[in-house]
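Working through the structure, step by step
Each chain, written out:
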Amino acid sequence: MSAATATVAGLLTAALALSAVGWQVRRRRLVAALTLVLLATAALLAALWTGEAPSARWSVALVVLTGALAVAGGGPVTTAVFTLVDGRDLDDTGSVRRAAEVLRGGAWIGALERAAIFVSIAAGWPEGIAITLALKGLGRYPELRHQERPGIAERFLIGTFVSVLWAASCAGVMLLT
């Protein structure tokens, strides 16, 4: 195993551990920012490394690490973005925060969405991304139609974009290694 592979694996492991903590603590913005920095550092190192490729065993380990980080790390990151958005929403009647009451199960749906996006990219099947997003949109369509509850569509879009970008970023690191 090369030093770069070990370093990338260490960065991904630290990011995964930090994201696990992110589900439990109140300071999710800090945890999300640190997790993002660790992922970006791993991506940069993997992109700049021009040495020998990791062994098959380490390749599998890196796929598992990035896949787990895509699923587990996306929750705290998405929640941190919602915290930023909710903090700027001064109109309580149309609050994106209040929309979370309607969009139940978002954490589980988001985790499944990130897993599907990651697997689709890892398998080289971009159509899987479209299918995942279409199923999510169709499944949430009844809630998204309610015009008497403003903020629902915005929360859905923000959560989906953050979740997809996180999973795609993790898959990108996996492809770089």
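For the structure given in this document, a descriptive report is provided here. Because the structure is predicted, anything quoted here is derived from the model rather than measured. (Residues numbered from 1 in each chain as written. Predicted model: local features only at pLDDT ≥ 70, side-chain atom pairs only at ≥ 80, totals over all residues. Heavy atoms only, no water.)

Concerning the side chain of Lys-136
- You can see Lys-136 is positioned in helix α6 (residues 127–145).
- Exposure remark for Lys-136: the relative accessible area of 14% places this residue in the buried category. (Helix = DSSP H or I, 4+ residues; strand = E, 2+ residues; numbered from the N terminus. Buried < 20%, exposed > 50% of the residue type's maximum accessible area, 1.4 Å probe, protein only.)

Remarks on a nonpolar patch on the surface
- A contiguous nonpolar patch, built from Trp-125, Ile-131 and Leu-135 and spanning about 330 Å² of accessible area, is present on the exposed surface.
- Looking at the secondary structure, you find Trp-125 in the loop between α5 (106–122) and α6.
- Among the residues examined, Trp-125 registers a relative accessible area of 44% and is labelled partly exposed. (Patch = residues over 30% accessible without salt bridge, like charges linked within 9 Å, V, L, I, M, F, W, Y side chains within 5 Å. Areas by Shrake-Rupley, 256 points an atom, 1.4 Å probe, with all protein chains shown as cover. Salt bridge = Lys/Arg side-chain N within 4 Å of Asp/Glu carboxyl O.)

Topic: the environment of Ser-169
- Among the secondary structure elements, Ser-169 is positioned in helix α7 (residues 152–176).
- Judged by relative accessible area, Ser-169 falls into the partly exposed class, the value being 36%.
- For the pair Ser-169 and Phe-118, spaced 51 residues apart in sequence, the C-alpha to C-alpha distance is 8.9 Å.

Topic: the nonpolar core
- By size, the foremost hydrophobic cluster in this structure holds 29 residues, and its most contacted members are Leu-12, Leu-39, Leu-69 and Cys-170.
- Of all the secondary structure elements, the ones that give two or more residues to this core are α1 (3–22), α2 (28–48), α3 (56–88), α5 and α7.
- Counting residues per element, this core draws most heavily on α7, which supplies eight residues.
- Other than its neighbours up to four places away in sequence, Cys-170 contacts Leu-39, Thr-66, Leu-69, Ala-70 and Phe-118. (Core = buried A, V, L, I, M, F, W, Y, C linked by side-chain atoms within 4.5 Å. Contact = heavy atoms within 4.5 Å.)

Here we look at α1
- Across its 20 residues, α1 extends 28 Å between first and last C-alpha, which sits within 8% of the 28 Å expected from 1.5 Å per residue.
- For α1, the set of buried residues is Ala-4, Thr-5, Val-8, Ala-9, Leu-11, Leu-12, Ala-15, Leu-18, Ser-19 and Gly-22. (Expected span 1.5 Å × (residues − 1).)

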